[in-house]
Structure formats: C-alpha cells, structure tokens
Amino acid sequence: MVEHDRHRAGGPYQAYPGEPQRGRDNALRRFIGGSPTAVFLRLLFLSILVGAFMAMLGLTPGQLFWHAYDSARQLIDLGLATFHDFGGWILAGAVVVVPLWFISRLFATSK
C-alpha cells in the first residue's frame, strides 16, 4: 500500500515551504529545450548567422514582413475570386435546376 499522508515524516511527499520546486524548473527546461542560458546563447548565435546572411542578400525584416503580407493577401484574393466564380456557377445552375425541380414536383403532386 502507498502512504498518502502528507504530514507524516519520511513519507513520499517532502514538499516543505522552504524547499525549491524542481518540477516547475524541469518543465521550463523541457519547454525551451535545455537550460535558459544555453538556449539564449544558441538563439543569439543563430540570430547573428541569419542576420549576416540576410545582410549579404540585402534583405531586411520589414521586407520579409511585407512580402509575407502581400503573399497572404494575394492568396486570400485568389480564394475569394474562386468563391465568386463558384457562386456564379451555383446561380447559373440554379436558374436551370430549380425551375425543372419545381415543374417535376408540380407534375408529381397532380397524379
């Protein structure tokens, strides 16, 4: 049997108010992928490399943002144009189908 009494000395729960909480620290390390200092240094190094590469190509963060914005805008416009065409197809088909359906229902109920 497992003892679940928190107040019993020597039990499985040793959480005292003065004791540091290691669970929270381990969760942070798991989330960011290592110790905060090591992750910061890796990110700093990668930022320098990517910044130098972008400078060699003549790119700026603003240009990248506006290019991504323009690309997303064009995709949205293309999607809306497709829905506009699709809506036209539905209306053109409905002009033919709905009256035929209505006429067929009239003849079906008259029998």
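Computed from a prediction, not measured in an experiment: that's the story for all the values here.

Thresholds, definitions, all that
Per chain, residue numbering runs from 1 following the sequence as it is written. Whole-chain, interface and lining totals are the exception, using all residues; otherwise, since this is a predicted model, local features are given only for residues with pLDDT of at least 70 and side-chain atom pairs are given and counted only at 80 or more. Derived side-chain values reflect all non-hydrogen atoms in the structure, with water molecules and hydrogen atoms excluded from consideration. The helix count covers DSSP runs of H or I at least four residues long, the strand count covers runs of E at least two residues long, and both are numbered beginning at the N terminus. Relative accessible area decides the class of each residue, using a 1.4 Å probe on protein chains only: under 20% of the type maximum gives buried, over 50% gives exposed, and in between gives partly exposed. Surface exposure here means Shrake-Rupley accessible area, sampled with a 1.4 Å probe, where a residue is shielded only by the protein chains that are shown. UniProt positions are given in the numbering used here, feature names are shortened, and annotations may be inferred rather than shown by experiment. Any Phe, Tyr or Trp ring, taking Trp's six-membered ring, that has another such ring centre within 6.5 Å forms a pair; planes under 30 degrees apart are called stacked, those over 60 apart edge-to-face, and the others tilted. The quantity known as pLDDT measures the predictor's confidence residue by residue, on a range of 0 to 100. To estimate how far a helix should reach, multiply one less than its number of residues by 1.5 Å. Patch criteria: residues need more than 30% relative accessible area and no salt bridge. Like-charged residues are merged within 9 Å; nonpolar side chains of Val, Leu, Ile, Met, Phe, Trp and Tyr are merged within 5 Å. Take a side-chain nitrogen of Lys or Arg and a carboxyl oxygen of Asp or Glu: if they are within 4 Å of each other, that pair is a salt bridge.

Engineer: Explain the overall build of the protein chain to me, please; I cannot follow it from the model alone.
Structural biologist: When helices and strands are tallied, the protein chain shows 3 helices and 0 strands. Relative to its full complement of 111 residues, the protein chain shows a buried share of 4%. If you sum the accessible surface of the protein chain, you get close to 10300 Å²; carbon and sulfur atoms cover 70% of it.

Engineer: Help me understand the UniProt feature "transmembrane region" (unreviewed entry) in the protein chain, please; the structure alone is not making it clear to me.
Structural biologist: Cross-referencing UniProt, the feature "transmembrane region" (unreviewed entry) maps to residues 39–66 and 86–108 in the present numbering. A distance of 31 Å separates the end C-alpha atoms of residues 86–108, which is 100% helix and 0% strand.

Engineer: Quick question: what am I supposed to make of the UniProt feature "domain: DUF6460" (unreviewed entry) in the protein chain here?
Structural biologist: Feature annotation in UniProt places "domain: DUF6460" (unreviewed entry) on residues 76–108, given in this structure's numbering. Annotated as 100% helix and 0% strand, the span residues 76–108 places its first and last C-alpha atoms 45 Å apart.

Engineer: Which parts of the structure should I look at to understand the packing of aromatic side chains?
Structural biologist: Any two aromatic rings considered together are summarised by their centre-to-centre distance and by the angle between their planes. Per the counting criterion, the structure on display carries 4 aromatic pairs. On the basis of an interplanar angle of 75° and a centroid distance of 5.1 Å, the ring pair of Phe 65 and Trp 66 is categorised as edge-to-face. The interplanar angle of 85° and the centroid separation of 5.4 Å between the aromatic rings of Trp 66 and Tyr 69 together place this pair among those described as edge-to-face. Here the residue Trp 66 and the residue Tyr 69 both occupy positions in helix α3 (residues 61–110), the gap between them amounting to 3 residues, near one helical turn.

Engineer: Please explain the confidence of the model for the protein chain as it appears in this structure.
Structural biologist: Low pLDDT means the predicted atomic positions in that stretch should not be read closely. Scored by pLDDT, the protein chain has a mean of 82; 77% of the residues are at 70 or more. Model confidence for the protein chain, summarised as mean pLDDT per element, is weakest for helix α1 (residues 22–32) at 80 and strongest for helix α2 (residues 36–57) at 93.

Engineer: Just checking my understanding: could you explain α2 for this structure?
Structural biologist: Given 3.6 residues to a turn, an α-helix orients residues that are three or four positions apart in the same direction. Taking 1.5 Å of rise per residue, 22 residues should cover 32 Å, and α2 covers 31 Å from first to last C-alpha, within 8% of that figure. Positioned one or two residues after α2, Gly 58 has a phi angle of 80°, which is positive.

Engineer: What's the story with a nonpolar patch on the surface in this structure? I'm lost.
Structural biologist: On the surface, Ile 76, Leu 80, Phe 83, Phe 86, Trp 89 and Ile 90 cluster together to form a nonpolar patch covering roughly 730 Å² of accessible area. With respect to the helices and strands, the residue Phe 86 is situated in helix α3. In this structure Phe 86 comes out as partly exposed when scored by relative accessible area, which is 43%.

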